[in-house]
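# Structural overview
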Amino acid sequence: CVYSADNCNEYLEHMDMSNEFVRACEEERIEIFLQPKISVSHNCVAGAEALVRMKTRAGELVSPARFVPVLEHTGMIGKLDDIMLDKTFAFQRQCIDKGIKPVPVSVNISRQRFTSEDLLKYMLQLQDKYQIDSALIELEILETTFIDALDAMIDVINALRVKGFKINVDDFGSGYSSLNQIANMPADTIKLDHIFASKSLCTDKGRILIRTLINLLHQIDYNVVFEGIETLEQKQLVESYGCDLIQGFYYSRPIPVSDFENKYMCLN
């Protein structure tokens, strides 16, 4: 390996960001923002995705694109996963205590955490701590991770599903979609990547592909969430194709928990 200044700078940046993450954890500066998932059939919020946000001491938001790759590189991503899970369970408990009808919330889980031995144990501990119905928590795994590491994750995925937790395949179509594995994926929901909205919905062949794909996924008992919907035209198209849930900037960007409660949730 030949030393270069770029190598040193990258190392120092990773060290600084890792240290900042540790401080943010200690000072409760890791937060969840929620992006709604809208039911096509009922035209209401039927779920949400929890997305991480880290604040500086001055209150400014740090883009996940700056610190999540660093945590993956340094092996600290599992700690972030656990924080996000705890905060999501706590949010559901908070809703119930306020008399608000909760909706399922999904959390992205890294490959590192999903292949660890104690994920199921941790989930059950959180469920016992907050007394939350497992149907209110969904775990999202990237499509590429799902296919590449399925053998290493299959036991914990099946065990989680037996306990009532839902499994979502995230960013489906962003990398490669192996058709011979789709029917055998132990998951409940397929989330179509935003690239389908930005590119495939713009062409005749792309629209045929999307309509056929949604129909295929329904026939093999998957729910379908369409991500990245930003315009009325896109919304109307995917609605006509029979998509179950829609997620994207057309409805809302990820917003703080309090804003989500005020805008989208109602009292029982």
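See the structure shown above.
Before going into details, it helps to say that this report is about the structure given with it. Keep in mind that what you see is a predicted model, and the values were worked out from it rather than measured. (Residues numbered from 1 in each chain as written. Predicted model: local features only at pLDDT ≥ 70, side-chain atom pairs only at ≥ 80, totals over all residues. Heavy atoms only, no water.)

### Section: the pattern of salt bridges
- Overall, the coordinates contain 19 salt bridges when judged by the stated rule.
- Here Arg29 and Glu20 are joined by a salt bridge, their closest N and O atoms 2.8 Å apart.
- When its relative accessible area of 17% is taken as the criterion, Glu20 is described as buried.
- For Lys235, the salt bridge is made with Glu239, and the minimal N-O distance between the two is 2.9 Å. Here Lys235 pairs with Glu239, and both are found in helix α11 (residues 232-240), just four residues apart, close to one helical turn.
- Each of the salt bridges in this network shares a partner with another, and the network as a whole consists of Lys37, Glu49, Glu138, Glu140, Lys191 and Glu227. (Salt bridge = Lys/Arg side-chain N within 4 Å of Asp/Glu carboxyl O. Buried < 20%, exposed > 50% of the residue type's maximum accessible area, 1.4 Å probe, protein only. Helix = DSSP H or I, 4+ residues; strand = E, 2+ residues; numbered from the N terminus.)

### Examining helix α2 (residues 64-74)
- Turning to α2, its buried residues are Phe67, Val68, Val70 and Leu71. Buried residues of α2, viewed axially, fall in a sector of 165°; they line one side. Of the exposed residues in α2, those oriented more than 90 degrees away from the buried face are Ala65 and His73.
- Directly after α2, the chain includes Gly75, whose backbone phi takes a positive value near 85°. (Arc of directions from axis to C-beta.)

### Remarks on the packing of aromatic side chains
- According to the stated counting rule, one finds three aromatic pairs in the structure shown.
- Relative to Tyr251, the ring of Tyr250 has its centre 5.0 Å away and its plane inclined at 85°; by these criteria the two rings are edge-to-face.
- On the basis of relative accessibility, which here comes to 33%, the residue Tyr250 falls in the partly exposed class.
- Plain terms: the ring middles of Phe260 and Tyr264 are 5.3 Å apart, the flat faces sit at 45° to each other, and that makes the pair tilted. Here the residue Phe260 and the residue Tyr264 both occupy positions in helix α12 (residues 257-264), the gap between them amounting to four residues, near one helical turn.
- The lysine or arginine in question, Arg53, covers the ring of Phe33, its NZ or CZ lying 5.4 Å from the ring centre. (Phe/Tyr/Trp six-rings, centres within 6.5 Å; stacked < 30°, edge-to-face > 60°. Lys NZ or Arg CZ within 6 Å of the ring centre and 35° of its normal.)

### Quick word on the side chain of Gln35
- You can see Gln35 is positioned in strand β1 (residues 30-39).
- Looking at Gln35, the relative accessible area reads 8%, which means it is buried.
- At 3.0 Å, the side chain of Gln35 and the backbone oxygen of Ser252 are in polar contact.
- Discounting residues that sit within four places of it in the chain, Gln35 has contacts with Gly47, Ala48, Glu49, Leu51, Gln247, Gly248, Phe249, Ser252, Arg253, Pro254 and Phe260. (Polar contact = N/O pair within 3.5 Å; in protein donor to acceptor, adjacent residues only side chain to side chain. Contact = heavy atoms within 4.5 Å.)

### What about the environment of Ser116?
- Of note, Ser116 is situated in the loop between α4 (111-114) and α5 (119-130).
- As for Ser116 and Gly78, which are separated by 38 residues in sequence, their C-alpha atoms are 9.0 Å apart.
- Only 2.5 Å separates the side chain of Ser116 from the side chain of Arg113, close enough to count as a polar contact.

### Here we look at the state of the cysteines
- For the structure shown, the criterion picks out zero disulfides.
- For the unlinked cysteine Cys202, the closest cysteine sulfur is that of Cys243, found at 16 Å.
- The exposure class assigned to Cys202 is exposed, which follows from its relative accessible area of 55%. (Disulfide = S-S within 2.5 Å.)

### Focus on unusual backbone geometry
- Despite not being glycine, Gln131 shows a phi value in the positive range, around 55°.
- As for its placement among the helices and strands, Gln131 is situated in the loop between α5 and β5 (137-142).
- Assessed through its relative accessible area of 53%, Gln131 is described here as exposed.
- Not every positive phi belongs to a glycine, and Asp171 is a case in point at roughly 55°.
- Topologically, Asp171 is positioned in strand β6 (residues 166-172).
- A residue is classified by how much of its surface remains accessible, and Asp171, at 22% relative accessible area, is partly exposed.

### Digging into the side chain of Asp193
- Here Asp193 lies in the loop between β7 (189-192) and α9 (194-198).
- The buried charged residue Asp193 lacks any salt bridge, with Lys199 as its nearest oppositely charged partner at 9.0 Å. (Lys, Arg positive; Asp, Glu negative; His and termini not counted.)

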